[in-house]
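What the coordinates show
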Amino acid sequence: MQKSLLIDPGKCTGCLQCELACSYDNEGVFNPAKSRIKVFNFHDQGRFVPYTCTQCDEAWCLHACPVEAITVDRASGAKVVADDICVGCKVCTIACPFGTVNYNQSTGKVMKCDLCGGDPECAKACPTGAITYVDADWTGLERMRTWAAKTDAGQRATA
Amino acid sequence: MKYVIAGAGPAGVIAAETLRKADPEGSVLMIGDEPEPPYARMAIPYLLAGDIGEKGTYLRKSKNHYKDLRIDYLQDRVKKVSAKQREIVLDGGGRRAFDALLIATGATPIKPRVPGLDLPGVHHCWTLADARAIAKRAKKGADVVLMGAGFIGCIILESLLSRGVTLTVVEMAERMVPRMMNDKAAAMLKRWCAAKGVAVKTGTKVTKIEKSGRGLTVHLDRGKPVAASLVVVAAGVKSNVGFLDGSGVKVKQGVVVDDRLQSSAPGIFAAGDVAEGPDFSGGWSVHAIQPTAADHGRIAALNMAGHPARYKGSLAMNVLDTAGLISASFGRWDGVKGGDFAEAADKAAYRYIRLAFDGDRLIGALALGLTDHVGVIRGLIQTGVALGDWKQKLMSDPHRVMDAYLARAYA
Amino acid sequence: MAWTGKILRVDLNRGTCKDEPLNMKWAMKYLGQRGLATKYLVEEVDPKVDPLSPNNKMIMATGPLTGTCASTAGRYSVITKGALTGAIACSNSGGFFGNEMKNAGYDMIIFEGRAKKPVYLFLEDGNAKLLDAKAFWGSSVWDTEDGIKKKHGDPLIRVASIGIAGEKGVKFACIVNDMHRAAGRSGVGTVMGSKNLKAVAIRGTLGVKVKSPKKFMKAVAAGKKVLADNAVTGQGLPAMGTQVLMNVINEIGALPTRNHLDVKFKGAKNISAEAMAEPRKSDGKANLIRNAACFGCTIGCGRVSAIDRTHYTVVNRPQYQKASGGLEYEAAWALGAATGVDDLDALTFANFICNEQGMDPISFGATVGAAMELYETGVITKKQTGGIELKFGSARALTDLAELTGKGEGFGAEIGLGSKRLCEKYKRPELAMQVKGQEFPAYDSRGIQGMGLGYATANRGACHLRSYTVASEVLGIPEKTDPLTTDGKAGLVKAFQDATAVVDSAGICVFTTFAWTLNDIAPQIDAACEGNWTVEKLLEVGERIWNLERQFNLAAGFTGKDDNLPKRLLKEAAKVGPAKGLVNGLDKMLPEYYQLRGWTKDGVPSNKTISRLAL
C-alpha cells in the first residue's frame, strides 16, 4: 500500500529537527531555510504546525511544469523534481495551491518534498511522533484531498 | 473515436496524453507547425541564458513519448475548419476528419505598426528559430533594445542580461508590466533594473527603426535615438484564430468556450492561449499562461472523450523573475469595488505585498521579492475560504498569508 | 567545520559593521560561545570598566554545535561585564535566535561603544546594518519583535531585544529572543540598553556545516537516544518541565521561602507543575497549554501557558489572554515562594510581564521578596512603595510591581535596583539574598549544601547553572550524594563547574547533562569541529574557561572575600524539614575548593595553575 506522511500538529513541539534532517538530506548542510518541510508557529495559541507536500493526486505542480521536470516516483507516489531538467521558471510555485513548492534562489531550481525515496528523514528525526510515515489510509489524506478538490480547476472524471 | 488536436504546445500535448488515458481505443492526431518536437516557449529564456540546450525546452523528454502513447504527430498547419463537415483542411493540402477537435493553436506575437520592424536584427522572442537568431546577435557587450516591458519582455530581459549585453528597455505604458503590477511594485522593479544597469524608458514609444551602418537606430517619441545591433520585440501576443474565419466557431479575443471547454460548435473544443474561457474572477478571458493551458488541455480532453468535467475558471496568475527580482500576481490584485486592500512595502529590500479582498475572502494578490509558499495565495483565492478574524490579521500584516492559510484552510 | 569562522564587529559609536575572521587559535582553546567570547572580552575590555559605559562591550556568541542537528543545539550566550554584578556575565538563551545568527554566517557579534540614538542591528545572510530604532524605543519586547518582523515583511526573522526595563536601566534587565526565551541573568539587557541598542534582528539561510557529517550524524543519533531513554530528559522534563522540581525541592526542605526566612512553602503545590496541568474551575482549561521546544531540542521542557480570562490580571486586557511562555521552575519559585505568593495565574502574569518588558524573573521575584521583608519589618512603608501594601503573599503587590518595574516607574524603579542595592539603600544589606550582587535561584543551600559553594564561587554571582549539584545531591545524577553534608562537595562543585563551562561553550543546553556526560558530548563536538576533542581536552577547556572568568573578576576588583553567602544562610538554621537545624557549611568547603582549583588561600589562581592551563 502507498504510504504517506501523517502529521499530527498536536504532538509537535516546534523543535525543527524535521527541518534540520530534511535540509541535511537534500542540501548536505543544516539549513532550515532550505527544508522541504516547514514548521509554522502560532505563538499566541501555543500551536506548531509541520507542513509539507501531501503528494496530491491533482499534482498541479507536475501539470504546470513546462519541461516535464516534475514526475511521479512510481514506488513512493512522490512528485519529484529533477534538478537537471528544472529550468527554474517557478510556475509550479504559483500553481500549487498548497504552497509546498518553493524556489531555491541559490540553485535556481524549485524544491519540494520527495519523500526521500520512500524513507522520509523528517519522520525519522521527529522526537515526538508528530510526523510519521504510514499507510495512506491513516493519514487523513482524504480530508486534505477534499480541500484540494475545491481548488481543482475541474471535476476529475475517473478516467 | 477520432480526435484531432490542432497545436502542439502544452495544451495540445496534455490534451493528447489525457485523451490516450481517457480513451485507450481512440485515434489521436496532433498537428504542430514547427519543425522541432513540441517544446515550451516558457523555457526559451533559459535557453538564451545558456542554462539549457534546445532539448531542455522539449515538453517531453522521452524520445518515443508520442509514439509510445500512440499519438500521431503531423508537422503541418490547419488552414480551415469545417464544423459541419467535421473536418479540417491542412496547409499542405490534406484533409482530416474528426469526431472531436481541439483547437490549441496558441498565440503569436503582436507586431506593432512601427516602421522598420522587418529589418534584419529585429526579432520577436517566441520560437526556437527566434531564439537562435537572437543568440547570434546578443553577444557580450552588444547594444540591445527590448521593445516592451510586459510579462514576456521582463522574462527575456533576464536572459539578455545574462548574456552580457547593454540593454535598453522601451515600454509604451507609464510603468513596467502594467497588466501584472501596480505603480508601486512597478516602480520598485524599474529601480531594481536600473541598479542592474538596464536603461528602462517607460512612457516611451518606438517611432521607427532604421538601418545605420552595420547596426540599427531606434527612434523614440522622446529622448535621443538609441543605437542597437539587436532589437527584440515583445509587445504582447494575440490568439491564433485567423483560420477559423467562416468555420462557424464563435470567436472574440479567442475561441469562446463554455465550462467544458467546448466552443459554440459541438465537438469542437479549445484550450490554452487560443481559448477565451471562464475566468475564475468572473466573465470570460484569454489567460495565456502555462497553468491555464495545462488545466484547459486536461479538461477539454476529458470532455472530448465523453467524461464530463467542468471547469471552474482560470485564475490569472504570473510569476516573473526579472534579473533576480521575483514577482508574482494573482487574480484581481487590482481589487473590486468596496473591497479592502492590505499592503506592505520595504523599498530598500525590494519587498512588497498587496492583498485584495472581497469581504473576508482573498481575491487577488501582488508580491515582489517573496517566493516562499506563494502558491497558497492561489489556494486561498480559488477555494474562496472565509478568512474570518484572519482578515484583520492580514490587514495588519499581509506577510502572514501563509499563517492565514494554515489557520483557515488547513488546520 | 562547525564554526563559520567569522565574527561581526558592530561599532555603535561610528555606526559601522565589519566582518573579521574568528581567531581559530582561541577557538581551539576556548571552543566557542561562553569560553571563546569571554576570551575576546578579557582581551578587549578593561575589567574595571563601568558596565554601563561605552567602553564595556557586549558579545552575542554561538557555539560550534549551534545550528546543527545535535539535540538542543540552538543556544547562544551574551557575554559582557554585568550591570547587576560588575562581574563577568554570561547569559545563555535558547529559542531560535542562536541558530539564525549562525545561519546568517557568524559565530559571534561584538557590540562596542554606544549609539547616539536608539538603533537596531538588522542582519541578513552576511549583510549587517544598523537601523534607526526610534519607532521601537519605548516598546515592549513583544511589540518590538512583532514590529520588526512586520517592518521587514518577514515573519521568519528572529529577534533578540530589550524591553522598557532595559531602556530604563533596570539592573536585572535581560535580552529576550523569540518572545519568551531570555539571556536572563546579571543585567545583560541593561548593558544592551546602555548602548542604545534596542534589538538584533536576524534572518539566516546560509547553512551550517560540520567536519565529518557521517560520523556526526551517528554521534548525534546516539546522543538523542540517550536523552529519549533517560527518565528526566525523556519523560519528566517533556511532561512537567523544570517545574517538576517544585514539589520535590519543597519536600526536601530546600525551597527558599519568603526571602529565605523559611525552607518550605505551604503554597508550593498550588504553583507546581501538577497545578499547572490541572483544569481550573472557571473554564475547565489548564494553565498549561502544551510543552514546547527550543531549536533542535528533543527534550522539549518549555511551557506554553495561558491565564484564566477571568483572573484580575487580564480582565479586559486581551494581549495577556493569549498563550505565551509559561512558568519555569526558577521563575515560579522567585515569583512565588520567594514572595510567599501562591496564585498560579498571578505568577504566570508576572512571568509574562518579565518576558514582555525584558527582565530576569529570578532577580525580580527575589528582590520583591527582599522588599517585602523590608516592608514587614517596617523599614519601608507605603510612603516608599507608593501605596502598595507590600506584604508577603500579596499577589496584587507582585503583579503591580511587575508592571511598574518593567517600565521603571514608581517603586518599581527601586525594585529595579536589585536586592543588594535596594537593601543597602535602606541600610539593611543583610536582607539581600545574593552573591556578588546577583540574587539566588531556587535552591536553599541549607538543604542542599553543595549549592552553597556553587553560589559563593559562581563567577557571575549566585547561580544554579554554573554547577547544578542538585543533579547529584537530589536527583542522583550522575550519582547520589547526601545534600545535607559538605563532604566531597568541593570536588563535586569543581567538576560540575568545569563540565558546564564546556556545555555552555558548545552551543547545547545544560539540561542535556541530566542524561549526557562529556562521554556523550565529546563525540558530537569531535565529529563537528576541526581539532581533536576528547573528554580530557574538553575538561581542560572547561577548567581554563572557569579560571579565565575568575581572572577577569579578580582584575575587576573582586576577591576571595566575595566568595561568600548572606549571613542568613550561614547563621540562621533551617526551621523545618530534613535540613532542620542546619546552616550552610561554606567555611568547610571553600578552602578545599580553592585547593582543588589550584588557587591560593585567597582564591587567586596560582602561577602554576595559570601555566598548566596555558592562560
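Residues numbered from 1 in each chain as written. Chains lettered and ligands numbered in written order. Predicted model: local features only at pLDDT ≥ 70, side-chain atom pairs only at ≥ 80, totals over all residues. Heavy atoms only, no water.

1. Here we look at the overall build of chain B
The number of helices and strands found in chain B is ten helices and 26 strands. The globule rule puts the C-alpha radius of gyration for 411 residues at 22 Å, and the 22 Å found for chain B is close to it. Along the three orthogonal principal directions, the C-alpha set of chain B runs to about 65 × 60 × 40 Å. Expressed as a percentage of the 411 residues in chain B, the buried residues total 60%. A separation threshold of at least 6 residues defines the contact pool for chain B, and within that pool the share at least 24 residues apart is 61%. (Helix = DSSP H or I, 4+ residues; strand = E, 2+ residues; numbered from the N terminus. Rg over C-alpha atoms; globule rule 2.2 N^0.38 Å. Buried < 20%, exposed > 50% of the residue type's maximum accessible area, 1.4 Å probe, protein only. Contact = heavy atoms within 4.5 Å.)

2. Section: the pairing of strand β14 (residues 215-220) of chain B
All names here are of chain B. Across the six residues of β14, six count as buried, placing the element largely inside the fold. Burial along β14 is two-sided: G215, T217 and H219 and L216, V218 and L220, pointing in opposite directions, are all buried. By the bridge criterion, six bridges tie strand β13 (residues 206-212) to β14 in an arrangement that is antiparallel. The residue bridging S212 from the neighbouring strand is G215, located in β14. What sits between β13 and β14 in their antiparallel hairpin is a turn of two residues, with G213 showing a positive phi close to 60°. Bridge count between β14 and strand β15 (residues 226-228): three bridges; the pairing is antiparallel. Bridge assignment links L216 to a residue of β15, and that residue is A228. The hairpin turn running from β14 into β15, its antiparallel successor, is five residues long, and G223 in that turn takes a positive phi close to 85°. (Pairing = 2+ DSSP bridges.)

3. A short note on the sheet that holds strand β5 (residues 87-90) of chain B
All names here are of chain B. Read across the open sheet, the three strands follow the order β4-β5-β6; overall the sheet is antiparallel. Each edge of the sheet is formed by a strand with only one pairing partner; in this case those strands are β4 (78-82) and β6 (95-97). With strand direction ignored, the average angle separating the axes of adjacent strands in the sheet is 20°. One ladder, built from three bridges, connects β5 with β6; its direction is antiparallel. In the strand pairing of β6, E87 is matched with A97. (Axes fitted to C-alpha atoms, helices over the stretch in contact; angles between N-to-C directions.)

4. Quick word on the domain arrangement of chain B
Segmentation of chain B into domains returns domain 1 (2-108 + 237-304), domain 2 (122-233) and domain 3 (324-409). Each of domain 1 of chain B and domain 3 of chain B has a C-alpha centre, and these two points are 33 Å apart. (Domains from an automatic or database assignment.)

5. Some remarks on the interface of chain B and chain A
Between chain B and chain A, the residue contacts involve 56 residues of the former and 44 residues of the latter. Buried surface at the junction of chain B and chain A, summed over both partners, amounts to about 4200 Å²; 61% is from carbon and sulfur atoms. Scanning the region where chain B abuts chain A turns up one salt bridge. For K90 of chain A, the salt bridge is made with D321 of chain B, and the minimal N-O distance between the two is 2.9 Å. (Buried area = accessible area lost by both parts, 1.4 Å probe. Salt bridge = Lys/Arg side-chain N within 4 Å of Asp/Glu carboxyl O.)

6. Some remarks on helix α6 (residues 183-195) of chain B
Residues and elements named next belong to chain B. With 13 residues, α6 extends 18 Å from end C-alpha to end C-alpha; this agrees with the ideal 18 Å at 1.5 Å per step. Turning to α6, its buried residues are A185, A186, M188, L189, W192 and C193. Projected onto a plane normal to the axis of α6, the buried residues spread over an arc of 155° and lie on a single side. In α6, those exposed residues whose orientation departs by more than 90 degrees from the buried face are D183 and A195. Two residues or fewer past α6, G197 is found with a positive phi of approximately 90°. (Expected span 1.5 Å × (residues − 1). Arc of directions from axis to C-beta.)

7. Examining the sheet that holds strand β14 (residues 302-305) of chain C
Residue and element names in this part refer to chain C. What the three strands build is an open sheet, ordered β13-β14-β15; its pairing is antiparallel. A strand with exactly one partner marks an edge of an open sheet, and here the two such strands are β13 (288-292) and β15 (324-325). Across two bridges, the pairing between β14 and β15 is antiparallel. Bridged to V304 within β15 is G325.

8. Notes on the interface of chain C and chain B
Between chain C and chain B, the contact holds seven residues from the first and eight residues from the second. Contact between chain C and chain B buries roughly 620 Å² in total, counting both sides, with carbon and sulfur atoms accounting for 40%. Together, K150, G153 and P155 of chain C form the three largest contributors to the area buried by chain C at its contact with chain B, with a combined 61%. One can count zero salt bridges joining chain C with chain B.

9. Describing the packing of helix α21 (residues 518-528) of chain C against helix α22 (residues 535-556) of chain C
Residue and element names in this part refer to chain C. Look at α21 against α22: their axes get within 9 Å of each other, and the N-to-C directions meet at 95°. It follows from the interaxial angle that α21 and α22 lie roughly perpendicular. Along the contact surface, α21 presents L518, N519, A522 and I525, while α22 presents V535, L538 and L539. (Parallel < 35°, antiparallel > 145°, perpendicular 65-115°, else oblique.)

10. Here we look at the environment of G203 of chain B
Residues and elements named next belong to chain B. Tracing the sequence through the fold places G203 in the loop between β12 (199-202) and β13. Along the sequence, G203 and R175 sit 28 residues apart, while their C-alpha atoms lie 7.0 Å from each other. Ignoring sequence-local partners within four residues, the contact set of G203 consists of E171, M172, A173, E174 and R222.

11. Concerning the state of the cysteines
With the rule as written, the count across this model stands at zero disulfides over all chains. We note that C113 of chain A lacks a disulfide partner, and the nearest cysteine sulfur, in C53 of chain A, lies 5.9 Å from it. (Disulfide = S-S within 2.5 Å.)

12. Description of unusual backbone geometry
A cis amide bond links I477 of chain C to the next residue, P478 of chain C, at an omega of -5°. We note that V177 of chain B has phi near 25°; this positive angle belongs to a residue other than glycine. Counting through the fold element by element, V177 of chain B comes out in the loop between β11 (166-171) and α6. Accessibility expressed as a relative area gives 2% for V177 of chain B, which makes it buried. Look at K436 of chain C: it is not a glycine, yet its phi comes out positive at around 55°. Relative to the elements of secondary structure, K436 of chain C occurs in the loop between β16 (434-435) and β17 (438-439).

13. Observations concerning the pattern of salt bridges
All names here are of chain C. Overall, the coordinates contain 64 salt bridges over all chains when judged by the stated rule. With a shortest N-O distance of 2.7 Å, R9 and E20 are connected by a salt bridge. Remark: E20 occurs in strand β2 (residues 16-21) and R9 occurs in strand β1 (residues 6-11); sequence separation between them is eleven residues. Residue R9 is classed as buried on the basis of its relative accessible area, which comes to 15%. Connected through salt bridges with shared partners, the residues R9, E20, E44, K57 and E112 form a single ionic network.

14. Observations concerning the pairing of β11 of chain B
Residues and elements named next belong to chain B. Most of β11 sits inside the fold, with five of its six residues counted as buried. Direction of pairing for strand β10 (residues 143-147) relative to β11: parallel, over a ladder of five bridges. In the sheet register, L146 faces β11, and the bridge partner there is V169. Following the chain from β10 across helix α5 (residues 151-162) to the adjacent parallel β11, one finds a crossover that is right-handed. Direction of pairing for β11 relative to β12: parallel, over a ladder of four bridges. Paired with E171 across the bridge in β12 is T202. Crossover connection from β11 via α6 to parallel β12: handedness right-handed. (Right-handed = clockwise from strand over helix to strand, strands pointing away.)

15. Quick look at the packing of aromatic side chains
This structure, assessed with the given rule, holds 23 aromatic pairs over all chains. Where Y468 of chain C meets F514 of chain C, the ring centres are 5.9 Å apart and the plane angle is 90°; that geometry is what we call edge-to-face. In this pair, Y468 of chain C is assigned in the loop between α18 (449-457) and α19 (470-473) and F514 of chain C in the loop between α20 (489-506) and α21, connecting sequence segments 46 residues apart. One exposure class covers both Y468 of chain C and F514 of chain C, and it is buried. An aromatic cluster is present here, built from Y329, Y443, Y468, F511 and F514 of chain C joined pairwise through their rings. Against the face of F42 of chain A rests R47 of chain A, its NZ or CZ located 5.9 Å from the ring centre. The ring of F341 of chain B carries R354 of chain B above its face, with NZ or CZ at 3.8 Å from the centroid. (Phe/Tyr/Trp six-rings, centres within 6.5 Å; stacked < 30°, edge-to-face > 60°. Lys NZ or Arg CZ within 6 Å of the ring centre and 35° of its normal.)

16. Description of the nonpolar core
Ranked by internal contacts, the top residues of the largest apolar core, which has 341 residues, are Y405 of chain B together with F216, I249, F364, L390 and Y443 of chain C. At nine residues, the largest contribution of residues to this core is made by helix α13 (residues 361-376) of chain C. Ranked by size, the runner-up nonpolar core spans 30 residues in total, among them M58, I109, M192 and V200 of chain C. (Core = buried A, V, L, I, M, F, W, Y, C linked by side-chain atoms within 4.5 Å.)

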